[in-house]
Amino acid sequence: MSGLGPFALELGLGALLVAVFVAGLLARGDDRRPIAWLATLGVLALLAVALLLEPAGPALGGRFVQDGLALFVKRLFLTATFIGLLAGISLPERAFARRAAEYHVLVLASLLGMLVLASARDLIVLFVAFELMSIPLYVLAGFRKSEGEAVEASLKFFLVGSVSSAVMAYGLSFVYGAVGSTDLGAVARALDGDHPLLQLGLLLALVGFLFKVAAFPFHMWVPDTYEAGPTPFVAWLSVAPKAAGFVALFRVYFEGTGAHAAAWVPIAAALATVTMLTGNLMAIPQQNAKRLLAYSGIAQIGYMLVGVAAASASGTAMVLFYLVAYVFGNMGAFLVVEALARAEGSEAISAFRGLAQRSPLLALAMLLFLLSLGGIPFVAGFWAKLYVFWAAAEQGLYWLVLLGAILTVVALFYYLVVARKMYIEPPDRPGRVPLSPTLALSVLLCALGVVLLGLYPKPVVMAALRVAAPLF
Amino acid sequence: MIPFPVLSIITWAPFVGAVLIMFTARHRPLAVRLIALVTTTISTVLSVFIYVVYDREAAGFQFYERVPLVPPLGISYEVAVDGMSLLMVLLTSVIIFAGVFASWTVATRSQEFYALLLALVTGVYGVFVSLDVFVFFLFYELAVLPMYLLIGIWGSSGEVRPRGVFAWAFRQTGVGTKEYAAMKLTLYLLFGSAFILVGMFALYVNAGAASFSFLDLEATTFDPTVQFWVFLAFYVGFGILAGIWPLHTWSPDGHASAPTAVSMLHAGVLMKLGAYGVVRLGMGLLPEGATDLAWLVGSIACVNVVYGALSAMGQTDLKYVIAYSSVSHMGLVMLGAATLTEAGLNGAVFQMFAHGVMTGLFFALVGLVYEKAHSREIFRMGGFGRVMPGIATAFTVASLSSLGLPATSGFVAELLTFMGAWRSAHPWWLWPAVAGTFLTAVYVLRVAKQIFWGPPSPHFHHLEDARGPEWVALVLLTAVIVVFGVAPGLAIGPVDTATVPLLARIIRP
């Protein structure tokens, strides 16, 4: 049994996946919501297990590690998935009630890919996990298969995704060719020698990761996919696969490479710059709340790349912290959009008009999420931005910090436009916005996360620093 | 020395008030006002108390408190006041105390209004008492953000409709509306804080990344290049808040659109917070940077003085006149600081106080006039002195202080600044400064004559003088102007204990 210890979460999730699948086969009738509850509570149970687990040594000959970093992000994936599934239970459309098993099997399969990815220390494991994570996402993006836009978005996502996967696989083949081993430790050691092919391979592989985290110039799929997908899924899509992409990035490019990590500073800094610029500037003219959040999410990725550009243990730790803050802030914002869309039938920003006078608590929650995304003190996002800037300043990247800080002002402009709709403009219609209990609970969880991390970020920061330290 | 954390009580009392108002006083407007009044009274009484018991012989930072917040990063909640911040704390107390009375009649969503106002005040107090640069920055942000909602919800839009070639563009962006002003103000100030943040990090990293404490950073001597760039960053960052030309344009829009108490607090205290940041962090931590860039600070300040005064002359909206006069007077503050002389720096700090009280009074009066006449157009009004003699008198006192009449606090401040300018390395600064005072006389007297002393306007009937709580604000602020004008030593004494050591560090090579 001890041999299976490091795989506890993956095995548990696999069992849950099979259970959900079988339940889907056995279920009859049009309302199959109990399956959704099974999946949601199962993920919650796995989260509880993950919180109790201790880091373990490498397994499968070092191909699979359950170290602090893996565990840190696995807890994050499970938290995000729990919130996302919880918010999705009460989706009003009949298609979701009828096809609940399908939806949840796909989400759980993708989650399994993320969990394995977080632990992968081998190129093959990494790539397989990467695909396991990605392919269900393409299907889920087109889940509303009767709607043209959903199919279009799904296809676009799939095409861009498979091309970047192909380029990544191509790059990884060069890496294998240069190193002669699929072990990431061996790859890191090989950097000491002068291998142009290895550098080329790593550069090509970067494309895959950048696509997954939606950095410029691989971000085009984001707004369309987000706009067309079911919102609770999009909320989850906007955070969990991003986190997975970053972890894989750290595993391949930073772990064990020591001083060689610094070679990626110019590229990461340049990517951070263009990603922040694109996301923030493109968000300004948006009229649809989900598209706005899509572009703001791209900008957020840019800020995380600032932390990557620091190429240091503290930079990595601060990206991890940023991801935690981002999970709560971004999912929360999407879920409030979902709540309004169910009530008003509109995902436009104008649906927010007068929300503060209709549902003051919902408006307050949205304000907190926006302030967190904008990086305002006393909510989580402030510390996140501050810490990545800090890490970059430690490495002397003052110009990047200044640029990032100035662009937060641009970001605040479009966040404040939403705040203005909610707080300053009068409502179009009276009455509270109806809110299903599960959706309300998931919004509440996000709000709690944002506020608690804002008031007392220390434990999470310390944990992030602790798990990032062994990488360098 | 004092057995209780007096500075923390001053700082956090309004915040406690804000929380109480949010949670207990729903739909009870009187309770809202009483909570606001009680908490600000606590802060005000204690500010006067520390002003009196501050030991001028010992000088330096007193009433020290320290609680480590994030020990590994060297962040702690560290507060203390010296002579300079002491005066600023007193100013904040005077203005907010008067502000609570001046906004007694806010009717719509008054619960949220007072809660935000009090949260803002905590931010302002916090900036003035913080010794930890990081906590200073947190309070600074707290002081900036509530402003967006305060102006956006309770502000007023101007009556002047855009004309001319760019009218179409102005209408599209909503120039002159409160929403536009709120957004502009918030974005400008956050743009400034981006520079402050970078400067702060640069200092922290260059000092060895161990502590954010002002006292530790002060003991570090930074490399001249670092000093130059960080001073520039602080100057731009805090300077935006202090309204330096050409980054001042948020201020007239913001102050004109803001509700009365917010204009009072913003023009009276928050702009000072910018100047205070330049003096405390810029000049205090970066003596060489300050010396190298004094020419820039002073020259731009001269532009401010003259440009602000000329702009004020061209306005027809009463609130814009006062708002531009703030830009002009903040130029005098920055000019005094840039002289790097004892007289000039004392003048700058005293001017912050004098102008704060004066402009607070101005905005309170403009608010009252607007509330009664529902107009801000100067040329529609006239002869109000007959029907509102109290308001007219207070306005005249503020005007005279504004143009620097002896026996008002404005006179002392301007005289000291002029003396400093004359003795500084750039004596020519004196001329724009004096010209600014002259222009001030032109525009404030013109406004006072038109509105209060001219022939009665046919547009208005049944106007009243100030009532009940409003008198408190007027009498208090007028009295402070006169008392500190007659006995400037009350303020110069403690301020001098802070400016002399500051200058000693700068002048020593």
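Our subject in this report is the structure included herewith. (Residues numbered from 1 in each chain as written. Chains lettered and ligands numbered in written order. Predicted model: local features only at pLDDT ≥ 70, side-chain atom pairs only at ≥ 80, totals over all residues. Heavy atoms only, no water.)

### Brief notes about the overall build of chain B
Note the following rule: Counting from the N terminus, the helices are the DSSP runs of H or I reaching at least four residues and the strands are the DSSP runs of E reaching at least two. Both definitions apply: the radius of gyration is a C-alpha atom measure, and the globule rule equals 2.2 Å times residues to the power 0.38. Only protein chains enter the calculation, and the probe is 1.4 Å; a residue is then buried if its accessible area is under 20% of its type maximum, exposed if over 50%, and partly exposed in between. Only heavy atoms enter the contact rule, under which two residues are in contact if any of them lie within 4.5 Å.
Regarding its fold elements, chain B presents 21 helices and two strands. Taken over the C-alpha trace, chain B has a radius of gyration of 21 Å; the compact-globule value for 509 residues is 23 Å, and the two agree within 12%. Viewed in the frame of its principal axes, chain B has a C-alpha envelope of about 70 × 55 × 50 Å. The buried share among the 509 residues of chain B stands at 67%. The long-range share in chain B, meaning contacts at least 24 apart out of those at least 6 apart in sequence, stands at 82%.

### Examining the interface of chain B and chain A
Rules: Two parts lose some accessible area (1.4 Å probe) when they are put together, and adding that loss for both gives the buried area. Only one rule defines a salt bridge in this text: a Lys or Arg side-chain nitrogen within 4 Å of an Asp or Glu carboxyl oxygen. Residues adjacent in sequence count toward polar contacts only when both atoms are side-chain atoms; beyond that, a polar contact is any pair of N or O atoms within 3.5 Å, and within protein one must be able to donate a hydrogen and the other to accept it.
Of the residues lining the interface, 31 residues belong to chain B; the matching set on chain A comes to 28 residues. Interface of chain B and chain A: buried area, both sides summed, is about 2800 Å²; carbon and sulfur atoms make up 86% of it. Our enumeration of links across chain B and chain A arrives at zero salt bridges. Summed over the shared surface of chain B and chain A, the result is one residue pair in polar contact (both at pLDDT 80 or more).

### Considering the packing of helix 15 (residues 342-373) of chain B against helix 20 (residues 468-486) of chain B
All names here are of chain B. Cut-off, in case you're wondering: Here an axis means a line fitted to C-alpha atoms, over the contact stretch when the element is a helix, while the angle between two N-to-C directions is reported on a 0 to 180 degree scale. Note that the term roughly parallel is reserved for angles under 35 degrees, roughly antiparallel for angles over 145, roughly perpendicular for angles of 65 to 115, and oblique for everything else. Two helices that cross are described as forming a left-handed crossing if the nearer one is turned anticlockwise from the farther one by less than a right angle, and a right-handed crossing if clockwise.
Relative to each other, helix 15 and helix 20 sit at 150 degrees, their axes nearing to 10 Å. Between helix 15 and helix 20, the crossing angle belongs to the class labelled roughly antiparallel. Once helix 15 is placed against helix 20, the crossing between them reads as left-handed. Across the interface between the two elements, Phe350, Phe353, Val357, Met358, Gly360, Leu361, Leu365, Leu368, Glu371 and Lys372 of helix 15 pack against Glu470, Leu474, Leu477, Thr478, Val480, Ile481 and Phe484 of helix 20.

### Some remarks on the packing of aromatic side chains
Centre-to-centre distance and the angle between the planes together describe a pair of aromatic rings. We apply this condition: A pair of Phe, Tyr and Trp rings is counted when the ring centres sit within 6.5 Å of each other, with Trp represented by its six-membered ring. The angle between the planes then sorts it: under 30 degrees is stacked, over 60 is edge-to-face, the rest tilted. Over a ring means this: the NZ of a Lys or the CZ of an Arg is within 6 Å of the ring centre and within 35 degrees of the ring normal.
Under the counting rule described, the total for this entry stands at 45 aromatic pairs over all chains. With a centroid separation of 6.0 Å and an interplanar angle of 75 degrees, the aromatic rings of Phe61(B) and Phe214(B) are classed as edge-to-face. Placement of the pair is Phe61(B) in the loop between helix 2 (29-53) and strand 1 (62-70) and Phe214(B) in helix 9 (residues 214-218), with a sequence separation of 153 residues. Residue classification places Phe61(B) among the partly exposed positions, given a relative accessible area of 25%. Judged by its relative accessible area of 4%, Phe214(B) is buried. Linked through ring pairs, Phe321(A), Phe382(A), Trp383(A), Tyr387(A), Trp390(A), Phe134(B), Phe201(B), Tyr204(B) and Phe212(B) together constitute an aromatic cluster. The aromatic ring of Phe143(A) is capped on one face by Arg99(A), whose charged end is 4.1 Å from the ring centroid. The ring of Tyr303(A) has Lys385(A) lying over it, and the distance from NZ or CZ to the ring centre is 4.5 Å.

### Description of the pairing of strand 2 (residues 75-81) of chain B
Residue and element names in this part refer to chain B. This is how it is decided: Any two strands with at least two DSSP-identified bridges between them are counted as paired.
Counting buried positions along strand 2 gives seven out of seven residues, so the element sits mostly inside the fold. Residues Ile75, Tyr77, Val79 and Val81 point to one face of strand 2 and Ser76, Glu78 and Ala80 to the other, with burial holding for every one of them. Pairing of strand 1 with strand 2 involves six bridges; the strand directions are antiparallel. From the neighbouring strand, proline 68 faces strand 2, where its bridge partner is serine 76.

### What to know about the pattern of salt bridges
For side chains bearing opposite charge, pairing can occur when the charged atoms are close. Residue and element names in this part refer to chain A. Evaluation of the coordinates by the stated rule reveals 22 salt bridges over all chains. Glutamate 10 is the partner of lysine 74 in a salt bridge, and the nearest nitrogen-oxygen pair spans 2.7 Å. Taken as a pair, lysine 74 in helix 3 (residues 68-89) and glutamate 10 in helix 1 (residues 8-26) lie far apart in primary sequence, 64 residues in all. Note on accessibility: lysine 74 and glutamate 10 belong to one class, buried. Ionic contacts of the salt-bridge type, sharing partners, join the residues Arg353, Arg420, Lys421, Glu425 and Asp428 into one network.

### Remarks on unusual backbone geometry
Following Phe216(A), the chain continues to Pro217(A) via a peptide bond in cis, the omega torsion being 0 degrees. Here Pro217(A) is to be found in the loop between helix 9 (196-213) and helix 10 (221-228). A cis amide bond links Trp245(B) to the next residue, Pro246(B), at an omega of -5 degrees. Considering the arrangement of structural elements, one finds Pro246(B) in the loop between helix 10 (224-242) and helix 11 (250-257). The phi torsion at Ala214(A) lies on the positive side, around 65 degrees, for a residue other than glycine. Relative to the elements of secondary structure, Ala214(A) occurs in the loop between helix 9 and helix 10. Under the relative-accessibility criterion, Ala214(A) is labelled buried at 0%. Phi angles above zero are rare outside glycine, and Ala311(A) is one such case at about 45 degrees. Here Ala311(A) falls in the buried class, since its relative accessible area comes to 14%.

### Regarding the nonpolar core
The test is simple: The nonpolar core is taken to be a set of buried Ala, Val, Leu, Ile, Met, Phe, Trp, Tyr and Cys residues, with the residues joined through side-chain atoms within 4.5 Å.
Phe209(A), Phe246(A), Tyr253(A), Phe352(A) and Phe384(B) are the most contacted members of the largest nonpolar core, which has 403 residues in total. The leading source of residues in this core is helix 15 (residues 313-344) of chain A, at 20 residues. Here Phe246(A) is in contact with Val213(A), Ile301(A), Met304(A), Leu305(A), Val308(A), Val319(A) and Leu323(A), once residues within four sequence places are set aside.

### With respect to the side chain of Arg291(A)
Assignment of secondary structure puts Arg291(A) in helix 14 (residues 289-309). Those residues in contact with Arg291(A) that sit more than four places away from it in its chain are Pro223(A), Asp224(A), Glu227(A) and Gln286(A).

### Regarding helix 21 (residues 458-468) of chain A
Residues and elements named next belong to chain A. Note the following rule: The directions considered for the arc run from the helix axis to the C-beta atoms.
Listing the buried residues of helix 21 in full gives Val461, Ala463, Ala464, Val467 and Ala468. Along the axis of helix 21, the buried residues cluster in a sector spanning 165 degrees; they form a single face. On its buried side, helix 21 packs onto helix 3, helix 15 and helix 18 (380-394).

### Thoughts on the environment of Ala473(B)
Among the structural elements, Ala473(B) can be located in helix 20. Beyond its immediate sequence surroundings of up to four residues, Ala473(B) is in contact with Ala98(B), Phe101(B) and Ala102(B).

### Re the environment of Gly302(A)
Residues and elements named next belong to chain A. Considering the arrangement of structural elements, one finds glycine 302 in helix 14. When its relative accessible area of 0% is taken as the criterion, glycine 302 is described as buried. Through-space distance from the C-alpha of glycine 302 to that of methionine 220 is 15 Å; in sequence the pair is 82 residues apart. If sequence neighbours within four positions are ignored, glycine 302 has contacts with Ala272, Thr275 and Met276.

On their own, these measurements won't tell you what the molecule is for.
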